[in-house]
There are 2 protein chains.
Amino acid sequence: MTSETPRRRSGGREARIAHRAAAHVETVPFLTRTMAPFEVLGEEGLSLLEENAEILLQEVGIEFRNDPAALVTWRAAGASVDGERVRFPKGMLRSIVQASAPRVWKQHARNAERDVMIGDPYTVLAPNYGSPFVHDLERGRRYGTLHDFQNFVKLTWQSPYLHHSGGTICEPVDVPVNKRHLDMVYAHLRFSDKPFMGSVTHPDRARDSVELAKIAFGTDDLTDKPVMLSLVNANSPLVWDAAMIGAARVYAENGQGVLVTPFILAGAMAPVTIAAAATQTLAEALAGMAFVQLTRPGAPVVFGSFASSLSMQSGAPTFGTPEPSLLLYVMAHLARRLGVPFRSGGHLTASKLPDAQAAYESATTFQATLMAGTNFVLHSAGWLEGGLAIGYEKFILDEDQCGMASTFVKGVDLSENGQAMDALLTNGPGNHFMGHPHTLRNFETAFYRASTANNDSYEQWLEQGSLDAAQRATPVWKKRLAEYEGPPIDPGVDEALLDYIARRKGSFPDSDV
Amino acid sequence: MTSETPRRRSGGREARIAHRAAAHVETVPFLTRTMAPFEVLGEEGLSLLEENAEILLQEVGIEFRNDPAALVTWRAAGASVDGERVRFPKGMLRSIVQASAPRVWKQHARNAERDVMIGDPYTVLAPNYGSPFVHDLERGRRYGTLHDFQNFVKLTWQSPYLHHSGGTICEPVDVPVNKRHLDMVYAHLRFSDKPFMGSVTHPDRARDSVELAKIAFGTDDLTDKPVMLSLVNANSPLVWDAAMIGAARVYAENGQGVLVTPFILAGAMAPVTIAAAATQTLAEALAGMAFVQLTRPGAPVVFGSFASSLSMQSGAPTFGTPEPSLLLYVMAHLARRLGVPFRSGGHLTASKLPDAQAAYESATTFQATLMAGTNFVLHSAGWLEGGLAIGYEKFILDEDQCGMASTFVKGVDLSENGQAMDALLTNGPGNHFMGHPHTLRNFETAFYRASTANNDSYEQWLEQGSLDAAQRATPVWKKRLAEYEGPPIDPGVDEALLDYIARRKGSFPDSDV
């Protein structure tokens, strides 16, 4: 047996591609990591940051603005309240969080097969969040619409590698600000059956999200069944405002998950150093998570960190650089020590295009996200331009990387077939393995097959039009949307959802705040 | 103090950019990592692979082809020799390597300030190696020439982030195969003063490399002064051929570093599984490194692993996928257990262009390279098309990522300034940090400044021509080459090098093998 070409199935290239595509769509509801996270600080450094956060909480404290009820909650819990400023005795917030916040919890999906586990050793990937603009290669950059929003819900639902439908995947700018949450929640419930996120821009919108979820899940009480995980951001530095605290309260009262994320551009919302940004993030997140636990002990939380460095040129956030990666590793470790699930990272970039900059920055961020052992990942697919835009092609390219993560986290197969000693001992020096029975038995499933990479010869690639990765991604998302067939929904439930939305939309005037 | 824009120095954008560029060029001769590597297997799995490699070496063994002297060496060392097949009692090769191979060693450069340490906890970054083709955006893909080779030596010398001049950065196809090594070694010695690699395509060419190095370093004996690290590849599976073994012998006899690298496309040169590819790589590398140690105990070696998966479509190697990353982590760990420096990874891609595919694959590979704790990294800059081409723009983009690594490996600054408790305790809730004295004191040096990323606003970026990352890299390499002023060289030494080369070139006819 010497150098051989691999055996080919009959039916030519098309048949092979179809066969591969079929083999490809193995849906994993979430990732289960098999290796210990990468760590950049030891016990001494981590303790120092924890102690610094306690000093900051005790001496400076946090402002809870325009929410008198929150101040009542804090006073009752033993904090010192001075106006809207709340100061915390050392260790108080950590004790509150550790007393009742679950280490791991299940977020239920409309389809139970798509339930996800939030916490170690699991990783749940969700798409982009919050972009006002949408980008594709043909139409360029433009404001997002409800149609775009629905498209991304559909693309996410179709993806075997995104486990969660996300929340505000893009802003549907064509719908009034005070009503678009209804259309967004409806889209997640109607066009997907993966778990999703509720609205946080006003407590009333959080309540609407809960009511719609009750209809969809056919229950009057969701308190013991988390079906949403919703994102509240601190108003860094050291401020929690009424909208976010109000939304967090609604979700906590209803037993729904709250993702507590300080949003830090180091140099603006925090000092420019990694250690200080970590200290502040920990302090702000502890306050948010403890507030949730005081509101309803045991309510599911996630410790979030969104942190980036600033460009000196433009003051804009930068991504894929070393400092945000280091900070991500530190925060993930601090969350593990605290004992709560952690969210950060994604495929982040400042680039305006799905070009090399976008991919270097995104891949570097995503590798740190994975290696750090992040449990919930927003912005796993689509993010462009520092979050100002979501790209259709970027979504397709990122999603392929998410697929690779599903293989990576499984680690190395050490079974007898994985060791392949039969092949190694029988093949002999100088003989290729292409025709070996072990190879033939394993070749179809041996390697992750990137759907967006071109591995053809240069000449083949020239013949096919010399397309770059982004150009090749355009027909992929178009084809997928054209082929979309959604998950089933009970017509009565659908009608009830639409009724609720129509009633609510008619009950107050449009507004753009 | 509320939201402020960052202070700007007078002199406008140009002056700021010049200032930054000046601050930027801080040359670090090599990276010193401060964190433990990421590991994907535990003791049990690693022992299993080590045991499997010993079984493979004992039962199947390795062929040493067309080099009778190697068989004499092996017989004398206690191996069983049958024809050209050499079988090794369990543990023999490991004992030989561990008895004399240095864990860490210094490769001397022509300029002592550029000496590098090879081994833990250091990482040395070297450019692309071995590509017959060259790519740039304006001229497209073409065969490499000596002019291109010299250009890449110059670009590497100018880079603050590449520590090593490398070897066959591209093939100078316009020079006869049997003479081009003379021009390549000369270029490394003349246009750079960083450490470099010698020729390995024939033992005579290795000897020429040693002779030229003796002239450049002004000595008749380099045996105690490693000034080259040269790459020998096994002819996998389980074969070492005469050219590589012969070159390794010449370098070992002269005390020069040998980088022993099985080159594995899993599914072709090894079974398709990670565990089996690791087993075979370990076996082949042990044989190569032990041969070097038998030739000259204490001669510096590096355990190399180049491993990739195969595309089912084209049979071409694929990069940036999960299996090569897992294998890289495993091999790095096996090398640490053996106690020798490790080489793998780089910015690898199958893409034909410096596009998003290239960057995802490169960044993913490079992150694994770094996180695994790799000690010597070939292909850190420029690699395209599975190594068939080196790209000018790709080189510039990759190099920026190498710069980020220099910041990342330093880890988190926990000094008083790093903790920034003064800033955190004095700034107060809701106040931006942009004008804080701590920020102003640290802003210039706080963050790695990517030279190839565009972080401007969408509108600024439009005004500047909507260029993608690759397009922006074209003027960078052109400007740098235009501004190149090489390191000094003694005119007498230069003359002696050129004399040697002229004499050798005249002493045998041109040949293309």
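Our subject is the structure that appears above.
The rules behind these values
Residues numbered from 1 in each chain as written. Chains lettered and ligands numbered in written order. Predicted model: local features only at pLDDT ≥ 70, side-chain atom pairs only at ≥ 80, totals over all residues. Heavy atoms only, no water. Pairing = 2+ DSSP bridges. Helix = DSSP H or I, 4+ residues; strand = E, 2+ residues; numbered from the N terminus. Core = buried A, V, L, I, M, F, W, Y, C linked by side-chain atoms within 4.5 Å. Buried < 20%, exposed > 50% of the residue type's maximum accessible area, 1.4 Å probe, protein only. Contact = heavy atoms within 4.5 Å. Axes fitted to C-alpha atoms, helices over the stretch in contact; angles between N-to-C directions. Least-squares fit on C-alpha atoms with pLDDT ≥ 70 in both. Buried area = accessible area lost by both parts, 1.4 Å probe. Salt bridge = Lys/Arg side-chain N within 4 Å of Asp/Glu carboxyl O. Polar contact = N/O pair within 3.5 Å; in protein donor to acceptor, adjacent residues only side chain to side chain.

Caption draft 1: Structural view of the sheet that holds strand S2 (residues 62-64) of chain A. Residues and elements named next belong to chain A. Read across the open sheet, the 4 strands follow the order S3-S4-S2-S11; overall the sheet is mixed. Among the strands making up the open sheet, the edge pair consists of strand S3 (80-82) and strand S11 (239-240). Where S2 and strand S4 (residues 85-87) come together, 2 bridges link them in antiparallel fashion. Each bridged residue has a counterpart across the sheet, and for Ile62 the counterpart in S4 is Val86.

Caption draft 2: Broad picture of the nonpolar core. Counting 310 residues, the largest nonpolar core has Phe64(A), Trp74(A), Phe88(A), Phe64(B), Trp74(B) and Phe88(B) as the members making the most contacts within it. Those residues within four positions of Phe64(A) in sequence are excluded, and the remaining contacts are Ala70(A), Leu71(A), Trp74(A), Glu84(A), Val86(A), Phe88(A), Trp240(A), Ile245(A) and Ala287(A). If you look at the next biggest cluster of nonpolar residues, it comprises 10 residues, including Met434(A), Phe443(A), Met269(B) and Leu310(B).

Caption draft 3: Geometry of the side chain of Thr156(B). Tracing the sequence through the fold places Thr156(B) in helix H5 (residues 146-158). Ignoring sequence-local partners within four residues, the contact set of Thr156(B) consists of Pro127(B), Leu162(B), His164(B), Ser165(B), Ile169(B), Lys194(B) and Phe395(B).

Caption draft 4: Just the sheet that holds strand S9 (residues 140-143) of chain B, in detail. All names here are of chain B. With mixed pairing, the 4 strands of this open sheet are ordered in space as S9-S8-S19-S18. In the strand order of this sheet, the two ends are held by S9 and strand S18 (383-384), each with one partner. Bridge analysis of strand S8 (residues 133-136) against S9 gives 4 bridges, and the strand direction is antiparallel. Within the sheet, the bridge partner assigned to Asp136 lies in S9 and is Gly140. Along the sheet face, helix H12 (residues 392-408) touches S8, S9, S18 and strand S19 (389-391) and points at about 65 degrees away from the line of S19.

Caption draft 5: Highlighting unusual backbone geometry. Residues and elements named next belong to chain A. For the peptide bond that leads from Asp120 to Pro121, omega is 0 degrees, which places it in the cis range. At the junction of Ser236 and Pro237, the peptide bond is cis and its omega measures out at 5 degrees in the coordinates. One non-glycine residue, His379, adopts positive backbone phi at about 65 degrees. Topologically, His379 is positioned in the loop between strand S17 (376-377) and strand S18 (383-384).

Caption draft 6: Here's a closer look at the relation of the copies chain B and chain A. Overlay of chain B on chain A (RMSD 0.0 Å): rotation 180 degrees, translation along the axis 0.0 Å. Such a combination of rotation and displacement between the chain copies is what one expects of a two-fold axis. The position closest to the rotation axis in chain B is occupied by the C-alpha of Ala356(B), lying 2.2 Å away. Of the residues that chain B buries at the interface, 100% are likewise interface residues in chain A, meaning the two copies contact each other through the same surface.

Caption draft 7: Looking closely at the interface of chain B and chain A. Each side of the interface is counted separately: chain B has 124 residues, and chain A has 124 residues. Roughly 10,100 Å² of surface becomes buried between chain B and chain A when both sides are summed, with 69% attributable to carbon and sulfur atoms. Viewed at the interface, chain A and chain B are joined by 0 salt bridges. Taken together, chain B and chain A are joined by 26 residue pairs in polar contact (both at pLDDT 80 or more).

Caption draft 8: Here's a closer look at the environment of Asn417(A). Position of Asn417(A) relative to the elements: it lies in helix H13 (residues 416-419). For the pair Asn417(A) and Leu338(A), spaced 79 residues apart in sequence, the C-alpha to C-alpha distance is 40 Å. Residues within four places of Asn417(A) in sequence aside, it is in contact with His438(A), Arg441(A), Asn442(A) and Thr273(B).

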